[in-house]
Amino acid sequence: LEVPMSKSTSVVMALAALALLAVCASAAGGVSSYAGSLSGLRLRGGGTAVAEKIVRTLSVEQLNTMVVSKKNRMKETLNDYMRGLAIDNPEMRDLEAIFSGIQSACRSISDMVSKAGVQDLTGLAGTGENIQGEEQKKLDILSNDVFKDKLTKTGCMAFLGSEEEDDAVHVKGRYGGDYVAVFDPLDGSSNIDAAISVGTIFGIYRAHGSKTFPLVKGDDQIAAGYCMYSTATILMITLGNSVQGFTLDHSSGDFVLTHPDVRMPSRGKIYSCNQGNAPAWPAGLTKYFNTVTHGEGQSKTKYSLRYIGSMVGDMHRTLLYGGLFLYPEDAKNKSGKLRLLYEANPMAMLAEAAGGKATTGKERVLALQPTGLHQRVPIYIGSSEDVDEVVSYL
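Within any chain, residue numbers begin from 1 and follow the written order of that chain's sequence. It should be noted that, the model being predicted, local features are given only for residues of pLDDT at least 70 and side-chain atom pairs only at 80 or more, the latter also being counted only at that level, while totals for whole chains, interfaces and linings use all residues. Side-chain numbers here rest on the full set of heavy atoms in the structure, without hydrogens or water.

Help me out: how do you make sense of the sheet that holds strand 12 (residues 254–259) in this one?
Strands pair in a sheet through their backbones, by hydrogen bonds, and they do so in one of two ways: parallel or antiparallel. A pair of strands is considered paired only if DSSP assigns at least 2 bridges between the two. A run of H or I in DSSP counts as a helix once it spans at least four residues, and a run of E counts as a strand once it spans at least two, with each numbered from the N terminus. One open sheet accounts for eight strands, arranged 6-5-7-8-9-10-11-12; its pairing is mixed. Every other strand in the sheet has two partners, leaving strand 6 (169–170) and strand 12 as the edge strands with one partner each. Bridge analysis of strand 5 (residues 157–162) against strand 7 (residues 179–187) gives five bridges, and the strand direction is parallel. Looking at the pairing, S162 lines up with F183 of strand 7.

Teacher, can you tell me more about helix 6 (residues 78–88) here?
One turn of the α-helix equals 3.6 residues, which is why residues spaced by three or four share an orientation. Partly exposed residues are those whose accessible area sits between 20% and 50% of the maximum for their type, while under 20% is buried and over 50% is exposed, using a 1.4 Å probe and protein chains only. L78, Y81, M82 and A86 are the residues of helix 6 that are buried. When helix 6 is viewed along its axis, its buried side chains cluster within an angular range of 130 degrees and face the same direction. Facing away from the buried side of helix 6 by over 90 degrees, the exposed positions are I87 and D88. Taken from the helix axis, the directions to the C-beta atoms give the arc we talk about.

Would you mind going over the pattern of salt bridges with me for this structure?
When their charged atoms lie close together, side chains carrying opposite charge are able to pair. The working definition used for a salt bridge is a side-chain nitrogen of Lys or Arg within 4 Å of a carboxyl oxygen of Asp or Glu. For the structure shown, the criterion picks out 14 salt bridges. Between D388 and K357 there is a salt bridge, with its nearest N and O atoms 2.9 Å apart. Here K357 lies in strand 17 (residues 357–359) and D388 lies in helix 12 (residues 384–391), a separation of 31 residues in the sequence. Residue D388 is classed as partly exposed on the basis of its relative accessible area, which comes to 41%. Since its relative accessible area comes to 34%, K357 is described here as partly exposed. Residues joined by salt bridges that share partners form a network here, namely R267, E385, D386 and E389.

What am I meant to see in unusual backbone geometry here?
With the exception of glycine, most residues fall at negative phi, and the peptide bonds are largely trans. Phi at D261 is positive, roughly 45 degrees, even though this residue is not glycine. Topologically, D261 is positioned in the loop between strand 12 and strand 13 (270–272).

That's the geometry; what it means functionally is another story.
Here's what the structure looks like:
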């Protein structure tokens, strides 16, 4: 078989062929049968030579283990992770069910986002503004319905508080439980039409039998996370003591552990904000940006701006690479713009669990007592040293 292709492509194809031949060779008596098999595969560009070189440099045992071993192909999934926690801690059975509902919702939303352009799911829904005074997109409504449905059917929820709902939904009857979920079903939905990353943000806490929607501090959350829909669908979660990241394997439908025990660097060199609002910000922030962008801050490193316009996308980068995400109060939004319960609190819980910090500029985000479902707050969140530094300018 002769296939014309570039050298880089031929290497990839050769490795793929090598893997296939390894399985066949294993069944036929071992790696020694590779030589004859490879002679029948000619890839223009040097792929065969590369494959033969790999064969020569690895032992029979290494090749059989690398290609054939089931152990090396098995990855821990979110279901495995939650099941293990529930086995060790039976009181976490409800959380296992809740996260089963969350990942089911995220799979569905990921599918809708990926097909939005070809299934006419972009653009405004034509339903007018939501409680936030924002025009609803079609996917805002669909994502909200999916998240409510999947969480309700876990049988664990007492209340559901969403960005897209005027008031919290009280779950009663057959499906009623004792947990509260607060969520932004599609953060950054204004980016949908441009196919830029968007996400879902959520926080979970107990209702403790309350008959009305309970407003509790972020410190009382028992779980939080976000799901980012981008080149990959990545679900980052915390139960309070660590941050774990799972990537959706579309072939199996599983969320596979790809980012174990994430730790945010204590300092980064990127800041993320809508700097177009700078003229309306506190004067100290202007001085801060002038300082760090010239490399004259505490780290003596020049900082640069990166801003997607989706909190999930910007926070995902900050969580992995370090740095600072901020949305301060300004002349137009005197109390800040981001919502405390379903944006700031879940992200703050993730940040602190990863070693970072989150503050309003005056106090920890997680220490705030909420006054309403849609309460807004300013936020400075990210690497601990970066947060401390920016706050010193306020």
